[in-house]
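Now for the letters of each chain:
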There are 2 protein chains.
Amino acid sequence: MFEVFFSQVKDKVLISEQEQNLVKTFFSPKKIRKKQYLLQEGDVCKHLAFVEKGLLRSYSVDERGTEHMIHFAWEGWWMADILSFLSAEPSTYFIDAIEESELLLISFQGFEEMLLKVPVMERYFRILFQNNIISKERRLIQSLAYSAEEKYLHLLANNPKLVQKIPQNLIASYLGITPETLSRIKRKIKQ
Amino acid sequence: MFEVFFSQVKDKVLISEQEQNLVKTFFSPKKIRKKQYLLQEGDVCKHLAFVEKGLLRSYSVDERGTEHMIHFAWEGWWMADILSFLSAEPSTYFIDAIEESELLLISFQGFEEMLLKVPVMERYFRILFQNNIISKERRLIQSLAYSAEEKYLHLLANNPKLVQKIPQNLIASYLGITPETLSRIKRKIKQ
DNA sequence: CTTTTTTATTGATATAGGTCAATGCTATTT
DNA sequence: AAATAGCATTGACCTATATCAATAAAAAAG
């Protein structure tokens, strides 16, 4: 159950067997079906979810009813509404499963306790958050600086796995363009 | 010199006098003139900068020569290219001073050493990074979901200090719109 | 204080990408 | 395997915002 999890953690920090056993006690496994919600707008995000298997997405829905993809998470990635999780405020996001998934959940209390009892995990999350900042910053710059076509080409070049795994309409939303525009870009590129 | 700094730190974590004195040893003060660069594209970002006084900006310049504002930092805020700082890769950003500023600089080595020797600072930065993720995520969603006018109204509502302090052309760039468009939006709002 | 440089405003025009609607595909579901 | 629902593609048209250009206003420099 924790194979993917600890291989991820070990990529970033050194962690002993003892620490690993302690860390395990803070998590509980959960299976979630395709299209099932893990979080709905208005609810407080009670857990951080680590994806052992499957595929999740988070998104917000604006006043016009349009969805905006925030994040995709497959094997080895985390998913949550961090703002809601940390502040206990109601979320403005939805999280659901694109594919049937197996998750490891940790509550806010568990998270805080784990970080205090296992300092190496404080370090792990600091590093994780660092990396997250970097990728968000990149995405932001791309959304400001590039045309729809350039954004798609960047994604193809830098995140081919995402393009393979994720349905086109969700990729369009992730890039901040319409599915029609993405379809036209793809046609144009082929020639 | 460290007044603003420790008042910021104390907002987020509990820190003893002893720890404060140790932390101080890792920083060196620096004054920087208006329009002076702290970082230029191609250089490695050698320091995290804490702004005790003044105003900095970071931005990237695309192939067309257009600037894209990434971040503004005034009293109590941090500034760096985190990616370059952490990875020691050449930066793709510029950082310069909008106003004459007083900074506290910490090197990468100093940073790593400080986090190991003063664990409460590891915690401080984890919290700082969390908050950064949240604000980047918000900005990203706004850039995807909202029109130019909506983005400006959001900024006015949620970040009035930024609108007051920062010249209009830089605000336009921060919002991903042209100065002309921002000017027209302002005229429209006035009526 | 005057000159020079930088920034903001305004107008005219162009365009990338959105919206709406129809049709054809691809997956689920029964 | 047939039926149904959800996606992708394509075309016609529209709109928000960019671009270019010319002043006007404000700020910095001498």
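Sequence order as written defines the numbering, with residues in each chain counted from 1. Chains carry letters from A onward and ligands carry numbers from 1 onward, assigned in written order. The model is predicted, so local features are restricted to residues of pLDDT at least 70 and side-chain atom pairs to those at 80 or more, both for listing and for counting; the totals for chains, interfaces and linings are taken over all residues. Only hydrogens and water are removed before side-chain values are computed, so all heavy atoms of the structure are retained for them.

K.L.:
Kindly report on the protein's contact with DNA strand C, identifying the contributing residues and their values.
P.N.:
Looking at DNA strand C, there are 17 residues lining it, with A148, T178 and T181 of chain A together with Q168 and R184 of chain B nearest. A cutoff of 4 Å decides nearness: a residue is near a molecule or strand if any of its heavy atoms lies inside that distance of it. The contact atoms of DNA strand C, taken as those within 4 Å of the protein, divide so that sugar and phosphate hold 60%. Two N or O atoms form a polar contact when they lie within 3.5 Å of each other; inside protein one atom must be a possible hydrogen donor and the other a possible acceptor, and for residues adjacent in sequence the pair counts only when both atoms belong to side chains. In this structure, a phosphate oxygen belonging to DNA strand C sits 3.1 Å away from a main-chain N or O atom of N169 of chain B. Between DNA strand C and the protein, one listed contact pairs a base nitrogen with a side-chain N or O atom of R184 of chain B at 2.6 Å. Secondary-structure elements contributing two or more residues to the surface near DNA strand C are α9 (179–190) of chain A together with α8 (168–175) and α9 (179–190) of chain B. Numbered from the N terminus, helices here are DSSP runs of H or I no shorter than four residues, and strands are runs of E no shorter than two. Of all the elements, α9 of chain B adds the most residues to the surface near DNA strand C, at five residues. A breakdown of the residues in the surface near DNA strand C according to their chemical character gives three nonpolar, seven polar and seven charged. Any residue that is not Ala, Val, Leu, Ile, Met, Phe, Trp, Tyr, Cys, Pro, Asp, Glu, Lys or Arg is counted as polar, Gly included; the first ten are nonpolar and the last four charged.

K.L.:
Talk me through a nonpolar patch on the surface; I want residue IDs and the actual numbers.
P.N.:
All names here are of chain A. A cluster of nonpolar side chains, contributed by L153, L156 and I189, occupies part of the molecular surface with about 200 Å² of accessible area. Secondary-structure assignment places L156 in helix α6 (residues 148–158). Think of it in three bands: residues with accessible area under 20% of the maximum for their type are buried, residues over 50% are exposed, and the middle band is partly exposed, with areas taken using a 1.4 Å probe on protein chains only. Look at L156 and you get partly exposed, because its relative accessible area is 34%. For patch building, the residue pool is restricted to those with more than 30% relative accessible area and no salt bridge; the joining distance is 9 Å between like charges and 5 Å between nonpolar side chains (Val, Leu, Ile, Met, Phe, Trp, Tyr). A 1.4 Å probe and the Shrake-Rupley method give the accessible areas. Residues count as covered only by the protein chains that appear here. The rule for a salt bridge is simple: a side-chain nitrogen of Lys or Arg has to be within 4 Å of a carboxyl oxygen of Asp or Glu.

K.L.:
How would you explain the protein's contact with DNA strand D if you had to name every residue and give the values?
P.N.:
Contacts to DNA strand D come from 16 residues, most closely from R184 of chain A together with K34, A148, T178 and T181 of chain B. Atoms of DNA strand D within 4 Å of the protein belong to the sugar or the phosphate in 60% of instances, the rest to bases. A distance of 2.7 Å separates a phosphate oxygen of DNA strand D from a polar side-chain atom of K34 of chain B. R184 of chain B is positioned such that a nitrogen or oxygen atom in its side chain is 3.5 Å from a base oxygen of DNA strand D. Among the elements that make up the surface near DNA strand D, the one with the highest residue count is α9 of chain A (five residues).

K.L.:
Any chance you could break down the domain arrangement of chain A for me, citing the residues and the numbers?
P.N.:
Residues and elements named next belong to chain A. For the purposes of this description, domain bounds are those given by an automatic or database domain assignment. For chain A, the domain assignment lists domain 1 (3–138) and domain 2 (146–191). Centre-to-centre, using C-alpha coordinates, domain 1 lies 25 Å away from domain 2. Every residue pair with non-hydrogen atoms within 4.5 Å of one another is taken to be in contact. Each partner contributes residues to the interface: domain 1 has 10 residues there, and domain 2 has eight residues. The buried area of a pairing is the accessible area, by a 1.4 Å probe, that goes missing from both parts when the two are put together, added over both. Interface area, domain 1 with domain 2, both sides summed: about 840 Å², of which 74% is carbon and sulfur. Three residues stand out in domain 1 for area buried against domain 2, namely M69, F72 and W74, and they jointly supply 64% of the buried area on that side. Linking domain 1 with domain 2 are zero salt bridges, by the criterion used here. Counting the contacts that link domain 1 with domain 2 gives two residue pairs in polar contact (both at pLDDT 80 or more). Elements supplying a minimum of two residues to the side of domain 1 that touches domain 2: β3 (47–61) and β4 (67–74). Here the side of domain 1 that touches domain 2 takes six residues from β4, the largest share from any one element.

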